[in-house]
Amino acid sequence: NTIVRYEGAEFPENGNGAGLAYDRLGALWAFGGTGNLLRLSLDGRMLGSYPLKAKKESRSLALAGDLLVVRLGGALYQLPITSPAGTPPEPMPLKVKEISLNSIDGKIGAVTTDGKVLLVDAASGMGEELGAIADGDRANFVALLPGGRVVVDGSWAYQAGKGRAELQPAHREPARLGRPS
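Residues numbered from 1 in each chain as written. Predicted model: local features only at pLDDT ≥ 70, side-chain atom pairs only at ≥ 80, totals over all residues. Heavy atoms only, no water.

## Let's talk about the pairing of strand 13 (residues 142-145)
Spelled out, the test is: Two strands are said to pair when DSSP picks up at least two bridges between them. Starting at the N terminus, helices and strands are each numbered in turn, a helix being any DSSP run of H or I of at least four residues and a strand any DSSP run of E of at least two.
Here strand 13 runs beside strand 14 (residues 149-152); their pairing, made up of 4 bridges, is antiparallel. When the sheet's bridge partners are listed, Leu-144 is paired in strand 14 with Val-150. Hairpin connection from strand 13 to strand 14: 3 residues lie between these consecutive antiparallel strands, with Gly-147 at a positive phi of about 85°.

Next up, the structure:
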């Protein structure tokens, strides 16, 4: 048994509820049920609950410095980690399909609802366009790499001034089984 439970939560069939963040003050942030964002101690005690305007939508979160960035369906919100319990996250101007679950230097990766791949400054909410996903790309997974590269679905990397590039797996020698001769 654990202290944290998700009783009564309703999750979308075609979406996710991804994200767990650990802030510099030593608290965990996670989704709790359908309509709450929770701030928890490491042993699972609730330190605060923050209302979300959520329906049965996919959702994800990332910590960018002292800001929590929350995606609910296509809407993006931010909440300072020092906000008092009960404070609702503030809407950000972008409409997104997915965000990275990580940040680097206060920025996250994002794919907008119209397919643009952005490097987003969490504090300002402004995004730098790096390219666009191709027709048929799903954009279900987004990650941010050092140097401002945004990876989409593990196959494509986008970077300012370089556009879209296919990720190439590192070449490895095939493993040899058996005893050396």
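## Focus on the nonpolar core
Using the following cut-off: Here, nonpolar core refers to any group of buried Ala, Val, Leu, Ile, Met, Phe, Trp, Tyr and Cys residues whose side-chain atoms link them within 4.5 Å. Each residue is assigned to one of three classes by its accessible area relative to the maximum for its type, calculated with a 1.4 Å probe on protein chains only: buried under 20%, partly exposed between the two thresholds, exposed over 50%. Any pair of residues with heavy atoms lying within 4.5 Å of one another is described as a contacting pair.
The biggest cluster of nonpolar side chains holds 15 residues, and the ones touching the most others in it are Trp-29, Phe-31, Leu-37, Leu-61, Leu-68 and Val-70. Every element with two or more residues in this core is listed here: strand 3 (28-32), strand 6 (59-64), strand 7 (67-72) and strand 8 (75-80). Look past the residues within four positions of Leu-68 in its chain and what remains in contact with it is Ala-21, Trp-29, Leu-37, Leu-61, Ala-62, Leu-63, Tyr-77, Gln-78 and Leu-79. Core analysis: the second largest hydrophobic core is formed by 14 residues, Leu-94, Val-96, Ile-99 and Leu-118 among them.

## Quick look at the confidence of the model for the protein
What counts, and what does not: For every residue, the predictor reports its confidence as pLDDT, a number between 0 and 100.
The share of residues in the protein with pLDDT of 70 or more is 81%, and the mean pLDDT across the chain is 85. Scored below 50 in pLDDT, residues 1-15 makes 18 contacts in the model with residues more than four places away or belonging to other chains.

## Examining the pattern of salt bridges
Using the following cut-off: When a carboxyl oxygen of Asp or Glu is within 4 Å of a side-chain nitrogen of Lys or Arg, the pair counts as a salt bridge.
Considering all chains together, one arrives at 6 salt bridges under this definition. We note a salt bridge from Arg-164 to Asp-137, for which the minimum N-O separation is 2.8 Å. Pair noted here: Arg-164 is in strand 16 (residues 163-166) and Asp-137 is in the loop between strand 12 (127-132) and strand 13, with a separation of 27 residues, a long-range link. Exposure remark for Asp-137: the relative accessible area of 22% places this residue in the partly exposed category.

## Here's the deal with the sheet that holds strand 16
Selection criterion: Inter-axis angles, ranging from 0 to 180 degrees, are taken between N-to-C directions of lines fitted to C-alpha atoms, where helices are fitted over the stretch in contact.
If you trace the 4 strands from one edge of the open sheet to the other, you get 13-14-15-16, paired in antiparallel fashion. Each edge of the open sheet carries a strand with a single partner, namely strand 13 and strand 16. Strand-to-strand, the axes of this sheet are offset by a mean angle of 25°, without reference to chain direction.

## What about the packing of aromatic side chains?
Selection criterion: For Phe, Tyr and Trp, where Trp contributes only its six-membered ring, two rings pair if their centres lie within 6.5 Å, and the inter-plane angle classes them as stacked under 30 degrees, edge-to-face over 60, or tilted in between.
Overall, the coordinates contain 1 aromatic pair when judged by the stated rule. With 5.1 Å between their ring centres and 40° between their planes, Trp-29 and Tyr-50 make a pair best called tilted. Taken together, the residues span a long stretch of sequence, with Trp-29 in strand 3 and Tyr-50 in strand 5 (residues 46-51) at a distance of 21 residues. Residue class for Tyr-50 comes out buried when judged on its relative accessible area of 1%.

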